[in-house]
Each structure stands twice: as C-alpha cells, then as structure tokens.
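# Per-entry structural report
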Amino acid sequence: MSSIPSEHNQPEAWIKTKDSELYINPLPVRIWHWLNALGFVTLILTGTHIRYAHLFNLMTFETAVKTHNWVAFAVIANYFVWLGFYIFSDRITNYHPELNVKKFFDNAFKQMMYYGYGIFRGEKSPHKVVPHDKFNPMQSITYQIIMLLVVPIQFATGLMMWDVKRFEGVIALLGGVEVVNTVHVLIYIFFVSFTMIHAYMGALGHTPATHFREMFTGYEEEH
Ligand code: HEM
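Residues numbered from 1 in each chain as written. Predicted model: local features only at pLDDT ≥ 70, side-chain atom pairs only at ≥ 80, totals over all residues.

In this section: the overall build of the protein. When helices and strands are counted, the protein shows seven helices and three strands. Written out in order from the N terminus, the α and β elements of the protein read β-β-α-α-α-α-α-α-α-β. Based on the C-alpha atoms only, the size of the protein along its principal axes is roughly 60 × 35 × 35 Å. The buried share of the protein, reckoned over its 223 residues, is 11%. (Helix = DSSP H or I, 4+ residues; strand = E, 2+ residues; numbered from the N terminus. Buried ≥ 20, exposed ≤ 12 C-beta atoms within 10 Å, placed from the backbone.)

Pairing in this open sheet of three strands is antiparallel, and the strands run S1-S2-S3 from one edge to the other. Since the sheet does not close on itself, it has two edges, and those belong to strand S1 (17–18) and strand S3 (219–220), each with one partner. As paired strands, strand S2 (residues 21–23) and S3 are joined by two bridges and run antiparallel to one another. Each bridged residue has a counterpart across the sheet, and for leucine 22 the counterpart in S3 is glutamate 220. (Pairing = 2+ DSSP bridges.)

Along its 25 residues, helix H1 (residues 27–51) runs 35 Å from first to last C-alpha, staying within 8% of the 36 Å computed at 1.5 Å per residue. When we look at burial in H1, the residues that qualify are Val29, Leu43, Thr46, Gly47 and His49. Of the surrounding elements, those touching the buried residues of H1 are helix H2 (61–88) and helix H6 (177–202). (Expected span 1.5 Å × (residues − 1). Contact = placed C-beta atoms within 7 Å.)

We now examine the site of the ligand. Lining the immediate surroundings of the ligand are 19 residues, of which Ala37, Phe40, Ala199, Gly202 and His211 lie closest. Breaking the shell around the ligand down by element, the ones donating at least two residues are H1, helix H4 (137–162), H6 and helix H7 (210–217). Along the lines of polarity and charge, the residues of the shell around the ligand split into 11 nonpolar, eight polar and no charged. (Near = placed C-beta within 6 Å. Nonpolar A, V, L, I, M, F, W, Y, C, P; charged D, E, K, R; others polar.)

Model confidence for the protein is summarised by a mean pLDDT of 92, while 93% of its residues fall at 70 or above. Note on residues 1–7: pLDDT under 50 across the span, and four contacts to partners over four residues away in sequence or across chains. (pLDDT = per-residue confidence, 0-100.)

Looking now at the environment of phenylalanine 85. In this fold, phenylalanine 85 is placed in helix H2. Given 17 C-beta atoms within 10 Å, phenylalanine 85 falls into the partly exposed group. Residues phenylalanine 85 and valine 29, 56 residues apart in the sequence, show an inter-C-alpha distance of 7.6 Å. When neighbours within four sequence positions are excluded, phenylalanine 85 is seen to be in contact with Pro28 and Val29.

Now the structure itself:
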C-alpha cells in the first residue's frame, strides 16, 4: 500500500499500489472473469455442436446437450458472483452510466479516434484507468449492455429451452419456442464475434500480454 498520487483524484482508501502499479481488478472479478471465459468458450463449442450437429463429429449430440446444460448452470451461478460483488462493493461506480450525453459522446469519440488512429502512433489512451472508473467510454457502454441485458436474456432463453414444459406459459407469451430459440441463436452469434473482438482488444496493451496479466494479478501499469 502506498499513498495516493494526487492526479488520480479518488479517495485515498480506494487506491492501492504495488511497484507503481494500481490495484484495479479485485479477486472476485478475476475469478468470475476467467471461469466465465472458460464457460463461454465451452458453451459456444457445445452450442455450435447442438445447432449444427450434422457438420461436426467431435462428440455425440447427447454429450453436447448435457455438457451445454451443466456448464450453463455453472455460468449462471458464476454471474451472481460478479453481480453480488459489484452490488455489495463500492466498485459499482465502474458500472455507473455517464448521464451527461454530450460528455459521453465526446469521450467515446476521443476513444474511437485513439483505437482507430492514435494507438498506431503510440499515443496515450485518452481514458485514465483508476480503480473506481476503470472503463473507457466504449468499454463502459459495451459491458453495461452485455452484463445487464444481453447475458441475462441469453440465460433466460436458455432456461426456457432447457425445460419447455415448465416454462410453456412464458414461451407462449413470447411468441413460441421458435422465437425464443431464434433470440438465443442470434445472441450466440453475437457472443462468438464479441469473444473474438474482446480477446483481440485485450491484446492491445503495452505488450500483447499486458492486459491478460493484469486480469490475472489485478494490478495495472500506468497507461
Ligand atoms: C477468450 C476469452 C476472453 C479473454 C481472453 C478475455 C480477456 C479480458 C481482459 C484482458 C479483460 C481486462 C481488460 C478489460 O477490462 O477490458 C477483460 C475484462 C472483461 N471481460 Fe473478458 N475475456 C474473455 C471472455 C469474456 C467473455 C466471454 C465475456 C462475456 C460476458 C467477457 C466479459 C468481460 C467483462 C465484463 C470485463 C470487465 C470485467 C470487470 O472488470 O467488471 N470476457 N477480459
């Protein structure tokens, strides 16, 4: 622990440093993240097998369905680790939306210019990472939508198809099992792309391994 560098403009109790690195990702977030990543990759592989069974022969259809269901329940339980951590800790500020629309778009534009141009010229990211405001505007809006909307919808549609009989009332209300299945598959396609883009963006740190290491240790170097 060391004293707070004034430029961070955050309460001192929130700042923890080691070898001039800032503590950004607490243990529950790191455990949630890597279990979640493993779970999503497994769900994508088994889901692909279920949806396009005629194209693959990696496992039996039955194994794919069983694995998909078990892993899905583990991923749902793990989601509540993430949600519980943020709800009950002061780090929820990371997920607060920017309510000043002009400020949000100005900052998002600067961030886009950085990703599209500045990063190739070795410029610094316009967003300063601090423990309670760690996401740049683009990460912020993406993670809010994914974690609070897209992921819960995927869980709900998956649950409905896991036990169609039990949820027949809701399924009928939503327009039938085909509608529920289509939403689930569209979100699956979204997650295939997201996971690839997200992993690629994760490699855009100081060195390709920087952000990955940070998501394991919790400490981030000054960018
Ligand atoms: C191969 C898989 C994955 C890799 C290599 C990876 C990598 C990373 C890295 C390096 C970070 C830290 C940088 C940042 O904050 O953006 C991160 C954060 C994050 N990732 Fe991933 N990720 C993977 C899969 C996923 C999946 C499938 C999701 C989907 C739900 C996801 C959601 C998130 C979220 C929400 C954060 C911010 C976590 C927080 O601090 O609250 N990641 N990821």
